[in-house]
Amino acid sequence: MKYLNNMELSPYLEHLQDESVCQRCGKCCKYALITPEGAVLSISSLSCKFLERDPESSNYSCSVYEKRHAHNEACEWCLPITEAVKRGYFPNRCPYVKDIEGYQGRFELYDERGVLKVLHEEEKPPGVSEEDWEFTAGGKK
Ligand code: SF4
Ligand code: SF4
């Protein structure tokens, strides 16, 4: 796949295990569409149903963090970190990946309305927040 990050990750393993680098932006917990070439298109108005925002700090956290991988039938884009890095699920600016040479992360769409309209012709993806799904019905953001 063109967008699969096939680089050797062993020099970065220690860094990838250091959870303190996460800035709690929540961007890797947004729904994503994967193109046939493996490009990851972030749908930023659709969050994982387990993503929670602290209204005071605006930081995001996961309500099932310790057991998040047990939920991946619902949230199929939540993968162990090396697998998520290889597939480009983190945005390029994420501190986990920003120094990995040649890394290609998720793309953010300038305008999601067309994609949302198409997505809403089908059932809600199981991992997507009900609230976000309702809010984006009809392609509105
Ligand atoms: S994109 Fe990176 S910094 Fe943001 S929540 Fe995910 S791991 Fe943390
Ligand atoms: S289950 Fe995974 S994708 Fe969903 S909020 Fe938790 S860490 Fe993020």
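Each remark here, short or long, concerns the structure printed above.
The structure displayed is predicted, hence computed values, not measured ones.

Chemist: I tried to follow the site of ligand 2 on my own but got confused; where do I start?
Modeler: Looking at ligand 2, the residues that line it are Cys-29, Cys-48, Phe-50, Leu-51, Cys-62, Val-64, Arg-68, His-71, Cys-75 and Cys-78. A breakdown of the residues in the shell around ligand 2 according to their chemical character gives eight nonpolar, one polar and one charged.

Chemist: What is the right way to read the site of ligand 1 from this model?
Modeler: Taken together, the residues surrounding ligand 1 are Cys-22, Gln-23, Arg-24, Cys-25, Gly-26, Lys-27, Cys-28, Phe-90, Pro-91, Cys-94, Pro-95 and Tyr-96. Partitioning the shell around ligand 1 into residue classes produces eight nonpolar, two polar and two charged.

Chemist: Whenever I open this one, unusual backbone geometry confuses me. Can you help?
Modeler: Glycine aside, the phi torsion of most residues is negative, and most peptide linkages are trans. At Arg-24, a position not held by glycine, the phi torsion is positive, near 60 degrees. Take Arg-24: it is sitting in the loop between helix H1 (13-16) and strand S1 (30-34). Exposure remark for Arg-24: the 13 C-beta atoms within 10 Å place this residue in the partly exposed category. A positive phi angle, near 65 degrees, is found at Ser-58, a position not held by glycine. With respect to the helices and strands, the residue Ser-58 is situated in the loop between strand S3 (51-53) and strand S4 (60-62).

Chemist: What is the right way to look at the nonpolar core in this model?
Modeler: Grouped burial of nonpolar side chains is what soluble globular proteins tend to show. Grouped together as the largest cluster of nonpolar side chains are 22 residues, with contacts concentrated most on Ala-32, Tyr-89, Phe-90 and Val-97. Sorting the residues of this core by element identifies S1, strand S2 (40-47) and helix H2 (81-87) as the ones contributing at least two each. With sequence-adjacent residues up to four places away left out, Val-97 is seen in contact with Val-85, Phe-90, Asn-92, Tyr-103 and Gly-105.

Chemist: Would you mind showing me how to read the environment of Glu-130 here?
Modeler: Relative to the elements of secondary structure, Glu-130 occurs in helix H4 (residues 130-135). Residues Glu-130 and Glu-66, spaced 64 residues apart in sequence, show a C-alpha to C-alpha distance of 22 Å.

Chemist: Honestly, the sheet that holds strand S5 (residues 107-108) in this entry has me stumped. Any pointers?
Modeler: By definition, the strands of a sheet pair up through backbone hydrogen bonds, in either a parallel or an antiparallel sense. If you trace the three strands from one edge of the open sheet to the other, you get S1-S2-S5, paired in mixed fashion. Unpaired on one side and paired on the other, S1 and S5 mark the two borders of the sheet.

Cut-offs used in this document
- Residues numbered from 1 in each chain as written.
- Chains lettered and ligands numbered in written order.
- Predicted model: local features only at pLDDT ≥ 70, side-chain atom pairs only at ≥ 80, totals over all residues.
- Near = placed C-beta within 6 Å.
- Nonpolar A, V, L, I, M, F, W, Y, C, P; charged D, E, K, R; others polar.
- Helix = DSSP H or I, 4+ residues; strand = E, 2+ residues; numbered from the N terminus.
- Buried ≥ 20, exposed ≤ 12 C-beta atoms within 10 Å, placed from the backbone.
- Core = buried A, V, L, I, M, F, W, Y, C linked by C-beta atoms within 7 Å.
- Contact = placed C-beta atoms within 7 Å.
- Pairing = 2+ DSSP bridges.

Without other data, these values stay purely geometric and don't point to any function.
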